[in-house]
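Fold and contact review
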Amino acid sequence: MKYDTIIIGGGLAGLVSGILLQERGQRTAIISTGQGALHFSSGSLGLLACDATGKPVEKPLEHISTLGASHPYSKVGAEKTAIHARNAKALLERAGVSVVGNEASNHYYLTPIGLFKPAWLSTVDSAVSLTPDGAKWGKTAIAGIKGFLDFYPGFVADNLARAGLKCDVVEITTPELEHMRKNSTEMRAPGIARIMHGDALVRFAKAISDAAPAAETVIIPAVVGVDGQEAVNELRRITGKKIICLSTHPISVQGVRMQLALRRYYEKIGGTYLLGDNVTAGYMEGDRLVAIDTANLGHGSLKADNFILATGSFFSRGLVAEPDRIFEPVFGVDVVTEGKPHDWYKDNLFEAQPFVEFGVKTDAGFRVSKDGKTISNLYAVGSILGGCNSLKEGSGAGVAIVTAMEVAGLLAPEKKG
């Protein structure tokens, strides 16, 4: 089977690459071992949240010029990074992901423990503020769900009070939620979200109204709207209140919703998404990768003109660490590390860890190398690139989207006019 481009990895970077290439007329396939890190996302995406010292960045695009030469944004270039960041919102909207925010100035999103952190884009139902000292939401209540262990309303309320926003804390339940409590493994955010429709959603809305009748704004755990924004809109209509969904501890409903929306849009526009498969072999001709085998397709090799490696970093096993080496497990391409193994980490867990900045070696056009030789049609995008500490910077989503857009532009330039 022949494609124009095959993308290995079905997370944010892989999906953005695939969507843009499909929209520009290519025939593409995405091979995804699992669901990707988006399932653990809060629903807020960071372009550049903090500088090297941990200080929040208000205007991320203005700060890009200060980054090191190995940073993915530096390789893309400040001007093109700004263009890609500006175009990202429209891409998400085309896929049915409604977001607030822009690339010029960070806003602040509320974390599951009640702290405000800088963000670039957030889903429209997220708890966001234009300032880091609390949003102006009027009389606010935080509604916890009885027996739900992945949300801590009291903790959130305490941290919001420190930011200057006093909230009432209430507890709600419904017959459906009481039934789910009998099995603790079912009472997780995505499981609750799957039953929140029809009469169950109406009863949930009534429970909110009864528990917080005077509140103008009610913060609830993000347990509605796994398939889209409609359920949250319906809650707002029924209650007559501003309903804000606060991401729970993973798995996140907003993250699952974003993943599903991007995948469905990719498939709608003709992309092939091979979930639960992995690459088992690659075949080279000279400096080109010409075909791959996968576990599920057996001996049926997949051929393509170009390939994109979007398998992520250590979390998703795009990179693998052993006591004496760090390697890329799909093709064994070159990985940039520094120092000896004992230099790869700090004893203090909360320090910036050197290994987080490790990634595959690429040229200026994001083509990877193996044994010191560039593979002319194998590109890398997203967190497998390294060159930055996305955890400290809050740049993971931005790097994924910006580099995916950059490589997609190299393989299928956007037509002018």
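Let us look at the structure shown here. Everything quoted here is computed from the prediction, not taken from an experiment.

Secondary structure assignment for the chain yields twelve helices and 22 strands. In terms of overall dimensions, the chain has a C-alpha envelope of 70 × 50 × 45 Å along the principal axes. By the burial criterion, 52% of the 417 residues in the chain qualify as buried. Contacts in the chain between residues at least 24 apart in sequence constitute 66% of all its contacts with a sequence separation of at least 6. Seen as two clouds, the 43 positive and the 43 negative side-chain charges of the chain have centres 3 Å apart.

Here we take up the packing of aromatic side chains. Tallied over the entire structure, the rule returns three aromatic pairs. Here the aromatic rings of Phe 116 and Trp 137 are separated by 6.4 Å at their centres, their planes lie at 50°, and the arrangement is tilted. Of this pair, Phe 116 sits in strand β6 (residues 116-119) while Trp 137 sits in the loop between β8 (128-129) and β9 (140-145), and the two are 21 residues apart along the sequence. Aromatic side chains Phe 314 and Phe 355 sit 5.5 Å apart centroid to centroid with 85° between the ring planes, which places their arrangement in the edge-to-face category.

The three strands are arranged β6-β5-β8 in an open sheet whose pairing can be described as antiparallel. Pairing within the sheet leaves two strands with one partner each, and these edge strands are β6 and β8. Bridging between strand β5 (residues 107-110) and β6 involves four bridges; their strand directions are antiparallel. In the strand pairing of β6, Tyr 109 is matched with Lys 117.

Attention shifts here to the packing of helix α4 (residues 78-94) against helix α12 (residues 396-411). Across the interface, α4 lies against α12 with an axial gap of 9 Å and an inter-helix angle of 100°. Comparing their axes, α12 and α4 come out roughly perpendicular. Taking contact as the criterion, the partners of Lys 80, Thr 81, His 84, Ala 85, Asn 87, Ala 88 and Leu 91 in α4 are, on α12, Ile 401, Val 402, Met 405 and Glu 406. Within the contact of α4 with α12, the residues separate by chemical class into six nonpolar, three polar and two charged.

The next subject is the pattern of salt bridges. Enumeration over the complete set of coordinates arrives at 15 salt bridges. One salt bridge connects Glu 178 with Arg 181, and the closest N-O pair in it is separated by 3.4 Å. On the basis of relative accessibility, which here comes to 35%, the residue Arg 181 falls in the partly exposed class. Its salt-bridge partner being Arg 325, residue Glu 322 comes within 3.0 Å of it at the nearest N-O pair. Among the residues examined, Glu 322 registers a relative accessible area of 33% and is labelled partly exposed.

Taken across its five residues, strand β12 (residues 242-246) has four buried, putting it largely inside the fold. In terms of strand pairing, strand β11 (residues 217-221) meets β12 through five bridges, oriented parallel. Bridge pairing links Ile 219 to Ile 244 in β12. On the question of chirality, the crossover connecting β11 to the parallel β12 by way of helix α9 (residues 230-239) is right-handed.

The next subject is the nonpolar core. Among the nonpolar cores identified, the biggest contains 75 residues, and Ile 6, Leu 262, Ile 292, Phe 331 and Leu 378 are the most heavily contacted of them. The element contributing the most residues to this core is α12, with ten residues. For Leu 378, the contacting residues outside a window of four places in its chain are Leu 289, Phe 307, Ile 308, Leu 309, Phe 331, Val 333, Phe 366, Arg 367 and Val 368. Grouped together as the second largest cluster of nonpolar side chains are 48 residues, Ile 145, Phe 204, Ala 205 and Ile 219 included.

What follows concerns the environment of Glu 351. Looking at the element boundaries, Glu 351 is found in the loop between β19 (335-336) and β20 (359-360). Taking the C-alpha atoms as reference, Glu 351 lies 9.2 Å from Lys 392; in sequence the two are 41 residues apart.

Turning next to the environment of Arg 27. On the secondary structure map, Arg 27 appears in the loop between α1 (12-23) and β2 (28-32). Accessibility expressed as a relative area gives 44% for Arg 27, which makes it partly exposed. In sequence terms Arg 27 and Ile 251 are 224 residues apart; their C-alpha atoms lie 32 Å from each other. Not counting residues up to four positions away in its chain, the partners in contact with Arg 27 are Met 1, Lys 2, Tyr 3, Asp 4, Thr 5 and Gln 22. Separated by 2.4 Å, the side chain of Arg 27 and the backbone oxygen of Lys 2 make a polar contact.

Turning our attention to the sheet that holds strand β4 (residues 99-100). The strand order across the open sheet built from three strands is β3-β7-β4, with neighbouring strands paired in antiparallel fashion. Whereas interior strands pair on both sides, the edge strands pair on one side only; in this sheet they are β3 (44-45) and β4.

All right, on to unusual backbone geometry then. Only a minority of non-glycine residues have a phi that is not negative, and only a minority of peptide bonds are not trans. Cis peptide bonds are those with omega within 30 degrees of zero, and the linkage from Pro 250 to Ile 251 qualifies with 10°. Here Ile 251 lies in the loop between β12 and α10 (253-268). The phi torsion at Asp 371 lies on the positive side, around 55°, for a residue other than glycine. Looking at the element boundaries, Asp 371 is found in the loop between β21 (367-370) and β22 (373-380). Its relative accessible area of 66% is what places Asp 371 among the exposed residues.

What counts as what
Residues numbered from 1 in each chain as written. Predicted model: local features only at pLDDT ≥ 70, side-chain atom pairs only at ≥ 80, totals over all residues. Heavy atoms only, no water. Helix = DSSP H or I, 4+ residues; strand = E, 2+ residues; numbered from the N terminus. Buried < 20%, exposed > 50% of the residue type's maximum accessible area, 1.4 Å probe, protein only. Contact = heavy atoms within 4.5 Å. Lys, Arg positive; Asp, Glu negative; His and termini not counted. Charge placed at Lys NZ, Arg CZ, Asp CG, Glu CD. Phe/Tyr/Trp six-rings, centres within 6.5 Å; stacked < 30°, edge-to-face > 60°. Pairing = 2+ DSSP bridges. Axes fitted to C-alpha atoms, helices over the stretch in contact; angles between N-to-C directions. Parallel < 35°, antiparallel > 145°, perpendicular 65-115°, else oblique. Nonpolar A, V, L, I, M, F, W, Y, C, P; charged D, E, K, R; others polar. Salt bridge = Lys/Arg side-chain N within 4 Å of Asp/Glu carboxyl O. Right-handed = clockwise from strand over helix to strand, strands pointing away. Core = buried A, V, L, I, M, F, W, Y, C linked by side-chain atoms within 4.5 Å. Polar contact = N/O pair within 3.5 Å; in protein donor to acceptor, adjacent residues only side chain to side chain.

Interpretation note: all reported values are geometric properties and have no functional meaning in isolation.
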